[in-house]
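The primary structure of each chain is shown beneath.
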Amino acid sequence: MSIERRYKPAMDDEYADDYYDTISVNSSVPNRRSVSYGRRPFNRSQSQNTVYYSLMNLDGAETFEMNGRWEGKNRDGGQEATTYEKWRNSKWNSFSTGESVDYVLAYEDITKAGHAHFEEKRKMFEFNLQQAGLLLERDETQTIHFVKIHAPKAVLCQYAELLKLRLPIKLNDNERITNVLTKTLNKILDYCSIKLDKTIFPAEQYKLTFEYSRDKDYLFDSSAKDFFKTSTRIMIIDYILEREKYGEDVNSNGIKKLLSDGVYKAAYPLHDGDLNRENSKRKLLLDHWASVSQWIKYQPIDEIKEYFGVKVALYFTWLGFYTHMLIPAAMVGLLCFLFGIFSLYQDAVVDDICNMDIIMCPRCDKYCDYWKLSESCTYAKVQHFIDNPATIFFAVFMSFWATLYMELWKRYSAGIAHRWGLTGFDILAEPPRPEYLMKLANVKKRKLNVVTLVEEPAVSYWKVKLPSMIFSFSIVLLWILLTLSVVFGIIIYRMSLMTSEVIYSYSIKYTIYTVPVIAAVLNLICIQILSFLYDKLAHKLTEMEIHRTQTEYDDSHTLKSYLFQFVNYYSSIFYIAFLKGKFVGYPAKYNRIFGYRQEECNPGGCLMELSIQLGIIMIGNQAMNSLVEMTVPILVKMYKTFKVSTGIERAEKEKHQVIICCNQWTEDYKLNDFDETCLFQEYLEMVLQYGFVTIFVTAFPLAPLFALVNNVFEMRLDAKKFIQYYRRPVPTRVKNIGVWYQIMTTIGRISVISNAFILAFSSNFIPKLVYAMKLSEDHSENGFLNHSLAVFDVRDFENGTAPERSAFSNITTCRYAEYRTGPNDDPRYKRPLIYWQVMVARLAFIVAYQNLVSFVIMAVEWAIPDVPRRLNDQIKKEAYRTNEMILQYESQQAKERVRRRFVDGPSNSQDLSSATDSRKTPSNRSSGVFYDAVA
């Protein structure tokens, strides 16, 4: 059939770009048709399309007038016309016969040497998919070929039973008890326009769910059009794709292996429309969820779950909950910071630093001069914003906040899991990974799964698993040591920088700020490089451990990665908080490393430098991650579009006839692949941020505020990234956020100890307290600065360490921040009694602080149950009502069988028995599908 295309200037601008940007393949190529598998062959006209837009069935069409309408002759010879939008919607993501496209496989038709066997593998694989009951239709009208896949209802029922999916039943429970407090809160949220607009995201009616079984089909409204949601269809098809064979070899199965070998270029479920299609859920989520302008509103987590699956929805649910919990922490941190600002001029130590004429000992050997303490006046003022009496209150508050956050999330996630039908979901019910089955294909040892009652291949823990885990974590330990060596190198660089003649030429004010900032930026760069290299290694190490399920694999990979990243990100901060300036020595006898003097803290302590280091790493890391997350997907999409365009343009030169077509699978082909690392990186970024917010919060009270601002934008930008630049992910069932919860709980415990040590050793809180209680006559901090600085006779310098040049004359003594006896005391430069009193006070404070906070944590954990009482009662009531429904139906069936036995005689009873047995046969037969692929 010849198709003529005529352009007219009257074409709408709305569609102009779509048409002029497309390039297609000649329709005259023989034997290039859309081929259907798994049904009776059908005839259709040949039509071509590009990798941008899809196949249009132009059967009977003669002319396309560029005025927004299709005009052509129908099969009866009459004239028919339809709008472009109606035509496009009917063919955008469906088979030529009308079935929806649930999944797509893409490959390139190449005839290069060595690739001839690709076609054979594809044929066998697609034949096995057809044998599994899937409907296939091949689109070979362009350089990139596509195999469209649709799952019929019979296949969905079979595999829903096999995967033990919980699906909605006919029995509904609309009873919801709300108290006065909840009603009042809802009214406030409605008034503030924080809740979702019900006209855009109507509240979904809660439905009871039950584990699907074809024997209990009477429980389910399986005839309903949306009984099997799109997410369920995708999950079932992906399960089949991962287990079907493509060759005779025992390990020749699974779409992942075909993708890695290049047999297929991509395999992905479809988005439900492009970004301009008004009636698509993708467009709805992009406009009313992913938009930054919606930052104040709640997230439509139920809609996210239906579109992306439970695993992705649970990440955004957790991120939203964490961000909301940051609000009180950010407010208290800001108040503590403001308290430091307003109380600045009442602080006696800052006043003494700025006004007293005190000469300090040189900060380095030979090249550094004496300096006046008043030069660090600005530094001392800024440090007071952080190190003030409100800091200890904020530390206790954050320990309480971390515990409250974890307990409330546990309760909230329990409700979410129940609402999404994940109550009772067990990891043993999760099917084994295809890679696991392939590795154990020849293993004779079998073990019964107590949940599925299916025998599975088993591997020896002592002979295989344990050695592989020891080797894996040994490599992790090696990389941790490598990270510590990098941090040690940066410390040596800081020490050498202090003695540099370049630094010497600047004032002391410059060196106080420059050296910490340069070192922090250098450390941040090293962190990013090591993270990139280690991420590649972590996957290979986890693969060696032979994990049965994807959840076990993810948890192991997460644990190894976080152990490394914990050391990578926090080691330099721990050094400043707990080691820097603690073992320096004194001017007559400095402790040295490789000949360099150790770094010293300023007289006000190391808390300010700790804050600089933490702020640069935390904020810099968030900024870099946001930049990478938004630019890389765009660049990758542009690169894929370029590759596709050049390939089509080359084909266009060889063809004669051009038509314009559009579809969803070619649009999605240009997008980035959504793999398991996408969510892992998002979780890792947020949990590392949680560590900054809790472990070192006393050194940086504004950390919760910066985290809050970052997360508000992170949530919406992540949503936009997944919707606009990534293919639709395969939905995955998970009960919770996995090992990340245990990691955050451990961080909370570490934060109690960390904050206690920071307050005791990195700040002047304890020395000031001891001075005010024991030595000050008026029990104030007046005179504390002079008390905390030791005196040194400049004649006692080690040989070659005294300043070569000095701007000061007649200097006989200098001061340094230590508790030591003076040059006229006996013994000289030794620890006085006050030093040991302060040390005892510091240790006592750590014990008291830790016990007090631990008691508060235990009280909070005891007072807040993991599962709300009403939810517990609701679960029990639903189980009771469902069982009652089953018993009632079975009782009716039994009575009906008895009645028929007496009315119709025994023959009919036998027929009923055989029918019942035949109905149960597929269920029993399907239990072996787990291992059919590797049998």
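Residues numbered from 1 in each chain as written. Predicted model: local features only at pLDDT ≥ 70, side-chain atom pairs only at ≥ 80, totals over all residues. Heavy atoms only, no water.

On to the overall build of the chain. Counting its secondary structure elements, the chain contains 29 helices and 21 strands. Looking at the 935 residues of the chain, the share that counts as buried comes to 53%. Once local pairs closer than 6 in sequence are excluded, the contacts in the chain between residues at least 24 apart make up 79%. Surface summary for the chain: the accessible area is close to 43800 Å², and the carbon and sulfur share equals 58%. (Helix = DSSP H or I, 4+ residues; strand = E, 2+ residues; numbered from the N terminus. Buried < 20%, exposed > 50% of the residue type's maximum accessible area, 1.4 Å probe, protein only. Contact = heavy atoms within 4.5 Å. Areas by Shrake-Rupley, 256 points an atom, 1.4 Å probe, with all protein chains shown as cover.)

This paragraph deals with helix α8 (residues 281-288). Residues of α8 that are buried: R282, K283, L285 and L286. The buried residues of α8 occupy one face: seen down the axis, they fall within an arc of 165°. As for α8, its buried residues are in contact with α9 (301-308), α20 (664-669) and α22 (703-724). (Arc of directions from axis to C-beta.)

Here we take up the state of the cysteines. For the structure shown, the criterion picks out three disulfides. At a sulfur-sulfur separation of 1.9 Å, the disulfide partner of C361 is C814. With the S-S bond torsion at 85°, the cross-link from C361 to C814 turns out right-handed. Taken together, the residues C361 in the loop between β12 (359-360) and β13 (371-372) and C814 in strand β21 (residues 813-817) connect sequence positions 453 residues apart. C361 gets classed as buried once you look at its relative accessible area, which sits at 6%. The disulfide partner of C364 is C368, and the gap between their sulfur atoms is 1.7 Å. Taking the torsion about the sulfur-sulfur bond, which here is approximately 100°, the covalent link between C364 and C368 counts as right-handed. (Disulfide = S-S within 2.5 Å.)

A few words now on the packing of aromatic side chains. With the rule as written, the count across this model stands at 56 aromatic pairs. For the pair F227 and F228, a centre-to-centre distance of 4.8 Å together with 80° between the ring planes defines the contact as edge-to-face. The buried category is assigned to F228, whose relative accessible area is 7%. Between W318 and Y683 the ring centres are 5.5 Å apart and the planes differ by 40°, which places this aromatic pair in the tilted class. In this pair, W318 sits in helix α10 (residues 310-342) while Y683 sits in helix α21 (residues 676-695), placing the two residues 365 residues apart along the sequence. For the pair shown, W318 and Y683 are each scored as buried. Lying over the aromatic face of F95, K148 brings its terminal NZ or CZ to 5.8 Å of the ring centre. Sitting over the face of the ring of Y590, R597 holds its NZ or CZ atom 3.7 Å from the ring centroid. (Phe/Tyr/Trp six-rings, centres within 6.5 Å; stacked < 30°, edge-to-face > 60°. Lys NZ or Arg CZ within 6 Å of the ring centre and 35° of its normal.)

This next bit is on the environment of T745. Tracing the sequence through the fold places T745 in helix α23 (residues 739-762). Placed 343 residues apart in sequence, T745 and A402 show a C-alpha to C-alpha distance of 8.4 Å.

Once that is clear, we can look at a nonpolar patch on the surface. A surface patch of nonpolar side chains, about 530 Å² in accessible area, is lined by V517, V521, I525, I529, F532 and L533. As for its placement among the helices and strands, I529 is situated in helix α17 (residues 508-544). For I529, a relative accessible area of 48% gives the class partly exposed. (Patch = residues over 30% accessible without salt bridge, like charges linked within 9 Å, V, L, I, M, F, W, Y side chains within 5 Å. Salt bridge = Lys/Arg side-chain N within 4 Å of Asp/Glu carboxyl O.)

Pairs can form between side chains of opposite charge whenever their charged atoms are close. All chains considered together, the criterion is met by 34 salt bridges. By sharing partners, the salt bridges in this structure join E119, R122, E126, R138 and E140 into a single network.

This paragraph deals with the packing of α9 against α10. It is the contact of α9 with α10, at a shortest axis distance of 7 Å, that shows an interaxial angle of 150°. By the angle class used here, α9 and α10 are roughly antiparallel. Between α9 and α10 lies a crossing of right-handed hand. Where α9 approaches α10, its residues I301, I304, K305 and F308 are matched on the opposing element by V310, V312, A313, F316 and T317. When grouped by side-chain class, the residues that make up the contact of α9 with α10 number seven nonpolar, one polar and one charged. (Axes fitted to C-alpha atoms, helices over the stretch in contact; angles between N-to-C directions. Parallel < 35°, antiparallel > 145°, perpendicular 65-115°, else oblique. Left-handed = near helix turned anticlockwise from the far one by under 90°. Nonpolar A, V, L, I, M, F, W, Y, C, P; charged D, E, K, R; others polar.)

The next subject is helix α24 (residues 765-775). Along α24, the residues that are buried comprise I766, P767, K768, V770, Y771 and A772. Where the residues of α24 are buried, they touch α11 (348-355), α23, α25 (784-788) and α26 (833-863).

The next thing to look at is the side chain of S472. Here S472 shows up in helix α15 (residues 461-498). Judged by relative accessible area, S472 falls into the buried class, the value being 0%. Other than its neighbours up to four places away in sequence, S472 contacts L541, E545 and K560.

Between D826 and the following residue, P827, the backbone shows a cis peptide bond with an omega angle of 0°. Tracing the sequence through the fold places P827 in the loop between β21 and α26. With a phi close to 55°, K164 is a non-glycine residue in the positive phi region. Assignment of secondary structure puts K164 in the loop between α4 (153-162) and β9 (166-168). At H779, a position not held by glycine, the phi torsion is positive, near 55°. For H779, the position within the fold is in the loop between α24 and α25.

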